[in-house]
Structures are given as C-alpha cells and as structure tokens.
Amino acid sequence: MSTGMQDASSVPHPARVHRATRATMAQFFVNGATFATWGVLIPSVKERFALSDAVLSLAMLAVAAGALLTMGQSGKWIARVGSATALRQVGILYAATLLLIPLAPQFWMLVALLLVFGSAMAAFDVAMSVQAALVEGQRTRPIMSTLHAMFSIGGIAGSALGAVPGLSPLAHAALVGTGTLAVALSIGPFALPDDAGDTAAAAHGGDRSARRMVLVLGGIAFLALVCEGGMYDWAAVYMRDVAQSPAAWVSYSYAAFSTGMALGRLSGDRIRERIGGLRTLAWSGTAGATGIALAAAWPDPLVTMAGLLLGGLGIANLMPIFFLAAARVPGMAAAESIAAVARFAYVGLLLGPVAIGGVAEHLGLQISFAGVALVMLGVALFGGKAVRRFI
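From a predicted model like this one, the values you see are computed outputs, not experimental measurements.

Visitor: What is the right way to read the layout of surface pockets from this model?
Guide: Vacant regions in the atomic arrangement are exposed by a probe of water-molecule size rolled over the atoms. In this structure, the largest pocket occupies an estimated 1,800 Å³ of space. In terms of lining, the largest pocket is formed by 47 residues, of which the most central are Phe 35, Phe 151, Glu 228, Tyr 232 and Leu 349. At the level of elements, helix H1 (14–49), helix H2 (53–81), helix H4 (107–138), helix H5 (144–161), helix H8 (208–241), helix H9 (250–275), helix H12 (318–327) and helix H13 (334–363) are the ones that each hand at least two residues to the lining of the largest pocket. The greatest single-element share of the lining of the largest pocket, amounting to nine residues, is contributed by H1. Residues of the lining of the largest pocket, tallied by class, amount to 31 nonpolar, twelve polar and four charged. Approximately 180 Å³ is the volume attributed to the second largest pocket. Forming the boundary of the second largest pocket are Met 71, Gly 72, Gly 75, Lys 76, Arg 211, Val 214, Met 332, Glu 336, Ala 339, Ala 340 and Arg 343. If you list the elements that add at least two residues to the lining of the second largest pocket, you get H2, H8 and H13.

Visitor: Can you walk me through the packing of H13 against helix H14 (residues 365–387) in this structure?
Guide: Describing two packed helices takes the angle between their axes plus the distance from one axis to the other. In contact at an axis separation of 7 Å, H13 and H14 are set at 135° when each is read in the N-to-C sense. Between H13 and H14, the angle is such that the two are oblique. Handedness of the crossing formed by H13 with H14: right-handed. Facing Ile 356, Val 359, Ala 360 and Leu 363 of H13, the residues of H14 in contact are Leu 365, Ile 367, Ser 368 and Val 372. Residue composition of the contact of H13 with H14, grouped by class: seven nonpolar, one polar and no charged.

Visitor: Would you mind showing me how to read helix H11 (residues 301–315) here?
Guide: An α-helix turns once per 3.6 residues; consequently, residues spaced three or four apart project the same way. Over its 15 residues, H11 runs 21 Å from end to end, which matches the ideal 21 Å to within 8%, given 1.5 Å per residue. Where H11 starts, the residue carrying a side-chain oxygen 3.1 Å from the main-chain nitrogen of Leu 302 turns out to be Asp 300.

Visitor: How should I be thinking about the packing of H2 against H13 in this particular structure?
Guide: Packing of H2 against H13 brings their axes to within 8 Å, and their N-to-C directions diverge by 170°. Comparing their axes, H13 and H2 come out roughly antiparallel. For the pair H2 and H13, contact is made by Ala 64, Ala 67, Leu 68, Met 71, Gly 72, Gly 75, Lys 76, Ile 78 and Ala 79 and by Ala 335, Glu 336, Ala 339, Ala 342, Arg 343, Tyr 346, Val 347 and Leu 350, respectively. The class makeup of the residues in the contact of H2 with H13 is twelve nonpolar, two polar and three charged.

Visitor: What is the right way to look at the packing of aromatic side chains in this model?
Guide: We describe a pair of aromatic rings using the distance from one ring centre to the other and the angle between the two ring planes. According to the stated counting rule, one finds four aromatic pairs in the structure shown. Where Tyr 94 meets Phe 117, the ring centres are 5.4 Å apart and the plane angle is 40°; that geometry is what we call tilted. Within this pair, whereas Tyr 94 is found in helix H3 (residues 83–100), its partner Phe 117 is found in helix H4, the two being separated by 23 residues in sequence. Considered together, Tyr 94 and Phe 117 belong to a single accessibility category, that of buried residues. Under the relative-accessibility criterion, Tyr 94 is labelled buried at 0%. Linked through ring pairs, Tyr 94, Phe 117 and Phe 124 together constitute an aromatic cluster.

Calculation criteria
- Residues numbered from 1 in each chain as written.
- Predicted model: local features only at pLDDT ≥ 70, side-chain atom pairs only at ≥ 80, totals over all residues.
- Heavy atoms only, no water.
- 1 Å grid on protein atoms, 1.4 Å probe; cavity = no way out; pocket = protein on both sides within 12 Å on 5 of 7 lines; lining within 4 Å.
- Points joined across faces, edges and corners; volume = space filled by probe spheres on them.
- Helix = DSSP H or I, 4+ residues; strand = E, 2+ residues; numbered from the N terminus.
- Nonpolar A, V, L, I, M, F, W, Y, C, P; charged D, E, K, R; others polar.
- Axes fitted to C-alpha atoms, helices over the stretch in contact; angles between N-to-C directions.
- Parallel < 35°, antiparallel > 145°, perpendicular 65-115°, else oblique.
- Left-handed = near helix turned anticlockwise from the far one by under 90°.
- Contact = heavy atoms within 4.5 Å.
- Expected span 1.5 Å × (residues − 1).
- Polar contact = N/O pair within 3.5 Å; in protein donor to acceptor, adjacent residues only side chain to side chain.
- Phe/Tyr/Trp six-rings, centres within 6.5 Å; stacked < 30°, edge-to-face > 60°.
- Buried < 20%, exposed > 50% of the residue type's maximum accessible area, 1.4 Å probe, protein only.

Here it is in structure tokens:
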C-alpha cells in the first residue's frame, strides 16, 4: 500500500533530491514570510477602516475560517493534481490575495478576500508538507524539522521587512508577494513527483483503517497545538500579571518561547537522527511539559522566561513528526492525510488560547499553565502510540 513515499525502483538522483530540498526550503520560507506579512498588515487594516478590536477579530477569524472550511477539499484536490501543480497554482492565488489586502476598498471585501487568503494558505501548507515528506523519504538524513525552521525564519524576515522606514503596507505586501509568486512559478523543475499510489488511494478516499489512524494522529496534533497556541497568546500576559515582571520585560516572554521553537527545529533533525523519532517525540513532550510546569510553579520573571524557552524547545518538533507520520499512513493519499491532521492542528491552535482564558477566568492563569503542562505530558506519554507505525 502507498505510504506517500516513492518506492525504491524510482529513487531520484541525489542531485535532484538536493535541488528538491532547496526548493522545499524556499516554499517554507515564503509561506512563513507571507503569513507574517499579514500579521504586520493588521494594524494598518484597523486604522484604514477605523475598526474596533471586536470587529478586527472578525477579519482575523476569516483567515482561520477560510483554512478550516476548505482544507478537506484542498487535500483531495492536491492528491488529484499533484503537490507540484498545486503549489504553482495556489501559490499564485496566495501571492495575489496578499497583494490585494492593502487595496481592499471596503471592509466586507476585505473579509471575503481574507477567506480566500486563508484557503490559499491552507492549501499551500498541505502541498508543501507533501513535498517535505517526499524529500525526507529520499534523503539519508532527516530534514523535516529544518524545513519547519525555515517557516519560522521566513516569519522573522517578513516581520522585519515591515519595520523598514518608509515602506508602505502595499510595498511590503508587493515585495513578499513577488517572492512567493517567484517560488510558486519556479517549483516545477525541482519538485519530486508524488507517489502514483496516492492517486489510487485518493480515488477510494482511503480505507477505514487509514482514517482511524489519521483520526488518532489528528487528536494528538490537536493537543500539541492547543499548547503551542496557548503559549504564543498568553505568555506575555502571564509574564506581566502572574510573574510580575518589569514592563520592559513583558515582550521577552514571547521572544523566549519563539527562540526555543526556532532552536528546537534547527536542531531537531540531528536529534531525531541520533535517537529516533519515537524518543524525540517523548523527550520533546517531556521538555515542553517541564518548561511550562516550571513557569507555572515558580512565577519569577527569569524562571518564567527559562521555562518558556524550554517549553518552546520541547514543542518545536512535535508537528514536524506528526506531519511526517501523516504522510506515511497507508491506504490514504499523503495530501489528504496531511490535510486532515492539519485541520485538527488548526482547531487546536485556535481553541487553545480560548480554553486557557476560560480556565484562567475561574481558576487563574497559573492553574491554566499547569493544565497546559499536563496536556503536554499526555502528548509525551501517548503520542508515541499514534506515530509508532510510521516513524
């Protein structure tokens, strides 16, 4: 049955694998830069339409809604046309919608545009993850975590570009959109072909056993992204209100967690190569749980930053492992299985901050962080059972 990888009889030349690796890195980089650019554009959108925070949140929700509502169909479409073709076609849409965001004349048009932007982002995510799994399957050494690190580096680049003096929101979007478009249009000669077995699997929608495996993977990914999303959105609040840090230090909490994520992904492939995917997952979950528990148990500013740094190091390599496992589920096209797991992950990313806030309202943010640590410990203990067959 298909695993989403090519069989040994059609192994590409090492030079082609090297080129495909570089091309896939470029895809992750421009994806991170494009998404970060939307984040940088948000204040200008709020000012242009004179939006309240509540109405602005509708625009943010449109991006997530577009991704969630279309991800299932995107996976089927990518499985049918191939990830290289999908990257080229949806990359054009992704770049175009980014460019149009600063040009939308009315708010309702902006919301409709952001729905399309979110859909394009999700499809691009899935297609590039299929390519990433294909690339890793043809290499002698792991690469998945490094590819996800390129997304983070692209995000840093996209954000930093917005700080260039005199650069307008439209110019910012145009520069990043041009880069995304260039990568999308040039992917064809460098991409690895999808496994032909995926087409047959897609035609039958995958068997029940495959769907059960994907459901389990998706559930674990959901829990992991609940923790990641919660840390991104609540770290600064925890630093200010619970750790009682100086005002100038509040932003350091976000930086500490983000730094941990970046360092974890840059080192993740070497760790996985040395100790294996299962141990990497277990140790990652344990490190994430320990870091967040440390921040919850000892809310001192320095200890909190150390805990968030350790938490980021632990959480960093969970999704790369889950996506790689999804691509190798037998009986289902890699694009469909990745899309299904990604949908669970997106929901976790969205609901995590909400759940933490709800618990904090009644029990306090310190208890919320302790709960996140327990969830992460559950990922460490049970995540291996979900990925054991594929890593």
